[in-house]
Amino acid sequence: LHRGVLACAQRRPLARVDELLDGATRLAVLEGLNDNENLGAIARAARAFGIDGLLLDPTCTDPYSRRTVRVSMGEVLTLPISRAEPDRWPEVLGDLRAAGFEVWAMTPASSADGLWSMEIPGRVAVLLGAEGSGLTRRALAAANRRVRIPISAEVDSLNVGQAAAVTFAALTRS
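The rules behind these values
- Residues numbered from 1 in each chain as written.
- Predicted model: local features only at pLDDT ≥ 70, side-chain atom pairs only at ≥ 80, totals over all residues.
- Heavy atoms only, no water.
- 1 Å grid on protein atoms, 1.4 Å probe; cavity = no way out; pocket = protein on both sides within 12 Å on 5 of 7 lines; lining within 4 Å.
- Points joined across faces, edges and corners; volume = space filled by probe spheres on them.
- Helix = DSSP H or I, 4+ residues; strand = E, 2+ residues; numbered from the N terminus.
- Nonpolar A, V, L, I, M, F, W, Y, C, P; charged D, E, K, R; others polar.
- Core = buried A, V, L, I, M, F, W, Y, C linked by side-chain atoms within 4.5 Å.
- Buried < 20%, exposed > 50% of the residue type's maximum accessible area, 1.4 Å probe, protein only.
- Contact = heavy atoms within 4.5 Å.
- Expected span 1.5 Å × (residues − 1).
- Polar contact = N/O pair within 3.5 Å; in protein donor to acceptor, adjacent residues only side chain to side chain.
- Lys, Arg positive; Asp, Glu negative; His and termini not counted.
- Salt bridge = Lys/Arg side-chain N within 4 Å of Asp/Glu carboxyl O.

A. The arrangement of the layout of surface pockets in detail. As a volume, the largest pocket reaches approximately 440 Å³. Among the elements of the structure, β6 (124-129), β7 (145-148) and α6 (160-171) are those that each provide at least two residues to the lining of the largest pocket. If you tally residues by element for the lining of the largest pocket, the top one is α6, at three residues. For the lining of the largest pocket, the class distribution of residues is twelve nonpolar, eight polar and three charged. Taken as a whole, the second largest pocket spans an internal volume of roughly 290 Å³. As for the second largest pocket, its lining consists of A9, Q10, R11, R12, Y64, S65, R66, V69 and L77. Broken down by class, the residue content of the lining of the second largest pocket amounts to four nonpolar, two polar and three charged.

This is how it looks when you write it as structure tokens:
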């Protein structure tokens, strides 16, 4: 519980998608994330592993909610963030591809390419979905590749924040 006003500020507008793409080589693209803690964990991992910015779909939770900022340890405040317009989702993923990004749809599907065997492209956008429902069919179809993190067959999947951190770390390997 807070004990009064801690800060008061005007919220700056989110970056436009074209501004986010300018000069970026590594992006995290989030679809349907409705949990502030997961978004905060992803933002923190993104900063730790050199992700250049976040692109949110129209349904993602507020990246500047108190809980997201806290879980990210404030890192979400330093990341360029853009939100796709409702009438441009998931078509905006085609814009990423046209800008030279390879879009990786992260999925636990056994038919997906294993993360550890992937060559890291010059520009990559990592597409992550909400826990439970995962990525929509339309988002999966708009990606260049489906990529999975090989894990024990005894475990269904990783938490989306953990999956993001593992994937972002893999992007930094030589």
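What follows picks up the thread again.
B. Just the nonpolar core, in detail. Membership of the largest hydrophobic core comes to 31 residues, with the highest contact counts inside it found for L30, L54, W104, L128 and F168. At the level of elements, β1 (26-31), α2 (36-48), β2 (53-56), β4 (102-106), β6 and α6 are the ones that each hand at least two residues to this core. When residues of this core are assigned to their parent elements, the largest contribution, six residues, is made by α6. Not counting residues up to four positions away in its chain, the partners in contact with L30 are L39, I42, L55, L56, D57, C60 and L128. Residues L20, A24, V103 and A125 belong to the second largest nonpolar core, which totals 22 residues.

C. Representation of α2. Between its first and last C-alpha atoms α2 spans 18 Å; for 13 residues at 1.5 Å apiece the expected length is 18 Å, and the two agree. Looking at the buried side of α2, the elements it contacts are β1, β2, α3 (66-71) and α6. Here α2 starts with a cap whose side-chain oxygen sits 2.8 Å from the backbone nitrogen of E37, and that cap is D35. Count one or two residues on from α2 and you reach G50, which has phi positive near 75°.

D. Geometry of the side chain of D57. The topology assignment puts D57 in the loop between β2 and α3. Despite its burial, D57 pairs with no opposite charge; the closest candidate is R83, at 5.3 Å N-O. Among the polar contacts listed, one links the side chain of D57 to the side chain of T59, at a separation of 2.9 Å. Sequence-distant contacts of D57, that is, excluding residues within four places in its chain, are made with L30, E31, G32, R83, A84 and W89.

E. Inspection of the pattern of salt bridges at higher detail. Tallying each qualifying case throughout the model produces nine salt bridges. Between R47 and E75 there is a salt bridge; the shortest N-O distance is 2.9 Å. Remark: E75 occurs in the loop between α3 and β3 (81-83) and R47 occurs in helix α2; sequence separation between them is 28 residues. Residue class for E75 comes out partly exposed when judged on its relative accessible area of 25%. Its salt-bridge partner being R145, residue E102 comes within 4.0 Å of it at the nearest N-O pair.

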